[in-house]
Amino acid sequence: MNKSFSTRMVLLRKERGMSQKEAAAALGVSQALLSHYEKGIRECGLDFVTRAAEFYHVTCDYLLGCSDSRTGLTGFFTAEELEQDREMSISTIYRAAARMLEAVHIETDPVLGDRLQWLFALSVYNGLTASSQAGFLSQGAIHFDPQAAALLSSGMMTAITHSIAGSGKAGQEAPEPQIQALPQCVQTLITESENYIRRNIDQYLSGRELR
């Protein structure tokens, strides 16, 4: 196993603020064995690699040193600017999410990264509950009552949004942003979303169907 594996195992554990004993218990191995893995003295099996990747919310490729992308998203969605990023599409949304998730994970703030990840996940889940109510998903795909699921996911998204917005510490110097200039896909997502809100604000406030 290459040196990157042991280095990244230590880095991820420290980012979580966990002792070696705590991490070993969570990963189902002895502290002595985890110590050997983190020092590169012993090689682990694939089962442990997948378990550690799932626990630390990173890809196996990142853990093994095959990629610098923790989520694997920028490996799938190229970081290069594309002409189609100027138009709002599903691809633009995916790419904007990928770029911003990567920016958060690059910072040493796994809690913030985890919150943002769940914000995106619940947003998609909310769409799935609507699809279930419309009959586009197989019966039983959503395990909660669809209306309750939509209400709960929307409420939790609001709570997570407030948590992210309030995560900054007043009086402290803001960290240097990892993305100096907003990628085109992110600019398009912001602009088009705000235009959508402007077009629909009267309908939303009056309870009419959105356009």
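Before any of the text, the structure's been laid out above.
A. Structural context of the overall build of the protein. In terms of helices and strands, the protein carries 10 helices and zero strands. Along the protein, helices (α) and strands (β) appear in the sequence α-α-α-α-α-α-α-α-α-α when read from the amino end. Buried positions account for 30% of the 211 residues belonging to the protein. Contacts spanning at least 24 positions in sequence make up 57% of the contacts within the protein whose residues lie at least 6 apart. Accessible surface for the protein amounts to roughly 13600 Å². Of this, 57% is attributable to carbon and sulfur atoms.

B. Fine view of the packing of helix α2 (residues 20-27) against helix α4 (residues 46-56). Interaxial distance between α2 and α4 falls to 10 Å at its minimum, and their mutual angle equals 115°. Classed by the angle they form, the pair α2 and α4 counts as roughly perpendicular. Considering only the axes of α2 and α4, their crossing is right-handed. The segment α2 lies against α4, with A23, A26 and L27 engaging F48, R51, A52, F55 and Y56.

C. Local environment of a nonpolar patch on the surface. Residues Y196, I197, I201, Y204, L205 and L210 make up a contiguous nonpolar surface patch of roughly 640 Å² in combined accessible area. Its place among the elements puts L205 in helix α10 (residues 184-206). Residue L205 is classed as exposed on the basis of its relative accessible area of 65%.

Rules used throughout
Residues numbered from 1 in each chain as written. Predicted model: local features only at pLDDT ≥ 70, side-chain atom pairs only at ≥ 80, totals over all residues. Heavy atoms only, no water. Helix = DSSP H or I, 4+ residues; strand = E, 2+ residues; numbered from the N terminus. Buried < 20%, exposed > 50% of the residue type's maximum accessible area, 1.4 Å probe, protein only. Contact = heavy atoms within 4.5 Å. Areas by Shrake-Rupley, 256 points an atom, 1.4 Å probe, with all protein chains shown as cover. Axes fitted to C-alpha atoms, helices over the stretch in contact; angles between N-to-C directions. Parallel < 35°, antiparallel > 145°, perpendicular 65-115°, else oblique. Left-handed = near helix turned anticlockwise from the far one by under 90°. Patch = residues over 30% accessible without salt bridge, like charges linked within 9 Å, V, L, I, M, F, W, Y side chains within 5 Å. Salt bridge = Lys/Arg side-chain N within 4 Å of Asp/Glu carboxyl O.

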